[in-house]
Amino acid sequence: MDTWSAAVMLFLIMDPLGNLPVFMSVLKSIEPKRRRFILARELLLALFILFVFLFSGQAVLDFLNVQQETVSIAGGIILFLIAVRMIFPQAGNPLGLAVGEEPFLVPLAIPMIAGPSTLAALILLSNQNPDRMVDWSVALGAAWLISAIILLFSGLFHRLLGERGLTAMERLMGMILVMIAIQMFLDGIGQYFSHTSGML
């Protein structure tokens, strides 16, 4: 996977367009001047957490003695489940925030931006090619920057696309993510069988 393919994958997993309604519902009871500050703070917190997982994920896998093909197969399954939820979204939004309460770290930074699927994808990237950490850092930075722009201008995007447009975009991104997930799963299966045949 090259740098820009990784960036596209991470952007699709972050799903900023799909998260727009959630962000707007969380911040609607907060003063407009304060919203931009909260969004910027949560985005920076999420970026910090994402980079921590990118650079420490390999150490965790080494400690657990987990092989590369296992991570690839598991990552493919996780991405597939996320993609299915994007295509067939569930009603409701269990955020658990009181009206007027200012979010901090949860739920905007975690799990809306730095969610389990994004963290798993970063661990997968760092495990597959630990010598390309600069490339993965660029990919993460690019995906985060585009997501940040979309979320910071959430009102504009919501007006331009509307509810139906946002739903259509999220489902389209879900379909693309399904293909990436299946390819990741097949790569893991292929690596497993080649590794097993090499040991025989």
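No experiment lies behind these values; they were computed from the predicted model shown.

Quick notes on the rules
Along each chain, numbering runs from 1 in the same order as the chain's sequence is written. Only residues with pLDDT of at least 70 are given local features in this predicted model, and only at 80 or more are side-chain atom pairs given and counted; all residues enter the totals for whole chains, interfaces and linings. As a rule here, side-chain values come from all non-hydrogen atoms in the structure, and water together with hydrogens is ignored. The patches reported here contain residues having more than 30% relative accessible area and no salt bridge. Joining distances are 9 Å for like charges and 5 Å for nonpolar side chains (Val, Leu, Ile, Met, Phe, Trp, Tyr). To measure how exposed things are, a 1.4 Å probe is used in the Shrake-Rupley method; for residues, cover is taken only from the protein chains shown. Whenever Lys or Arg places a side-chain nitrogen within 4 Å of a carboxyl oxygen from Asp or Glu, that contact is recorded as a salt bridge. Think of it this way: any DSSP run of H or I at least four residues long counts as a helix, any run of E at least two long counts as a strand, and we number them from the N terminus. Ring pairs are drawn from Phe, Tyr and Trp, using the six-membered ring of Trp, whenever the two centres fall within 6.5 Å, and their geometry is named by plane angle: stacked under 30 degrees, edge-to-face over 60, tilted for the rest. Relative accessibility thresholds used throughout: buried, under 20% of the residue-type maximum; exposed, over 50%; partly exposed, between the two (1.4 Å probe, protein chains only). Over a ring means this: the NZ of a Lys or the CZ of an Arg is within 6 Å of the ring centre and within 35 degrees of the ring normal. Under the convention used throughout, the expected extent of a helix is 1.5 Å for every residue step, that is, one less than its residue count. A contact between two residues is defined here by any heavy atoms of the two lying within 4.5 Å.

Looking now at a nonpolar patch on the surface. Nonpolar side chains collect at one region of the surface, where L145, I149, F153, L156, L160, L161, M169, L172, I176 and M179 lie side by side and expose about 900 Å² of accessible area between them. For the nonpolar patch, the elements supplying multiple residues, two or more each, are α7 (133-152) and α8 (154-199). Residue contributions to the nonpolar patch peak at seven residues, all from α8.

Time to look at the packing of aromatic side chains. This model, assessed by the stated rule, comprises two aromatic pairs. With a centroid separation of 5.5 Å and an interplanar angle of 70°, the aromatic rings of Y192 and F193 are classed as edge-to-face. Owing to a relative accessible area of 42%, Y192 belongs among the partly exposed residues under this scheme. One cation-aromatic arrangement involves R36 over F153; the distance from NZ or CZ to the ring centre is 5.5 Å.

All right, on to helix α4 (residues 68-87) then. Relative to the 28 Å expected for 20 residues at 1.5 Å per residue, α4 spans 28 Å between its end C-alpha atoms, a close match to the ideal helical length. Every buried residue belonging to α4 is among E69, V71, S72, I73, G75, G76, L79, A83, M86 and I87, and all of these are buried.

Looking at the element boundaries, T3 is found in helix α1 (residues 3-14). On the basis of relative accessibility, which here comes to 15%, the residue T3 falls in the buried class.

Attention shifts here to the environment of S5. Position of S5 among the secondary structure elements: in helix α1. In the structure, S5 is positioned 158 residues away from E163 in sequence and 28 Å away in space, judged by C-alpha atoms.

Moving on, we get to the environment of I73. Among the structural elements, I73 can be located in helix α4. Spatially, the C-alpha atom of I73 lies 4.6 Å from that of F185, the residues being 112 residues apart in sequence. When residues no more than four places from it in sequence are discounted, the contact partners of I73 are F185, G188 and I189.

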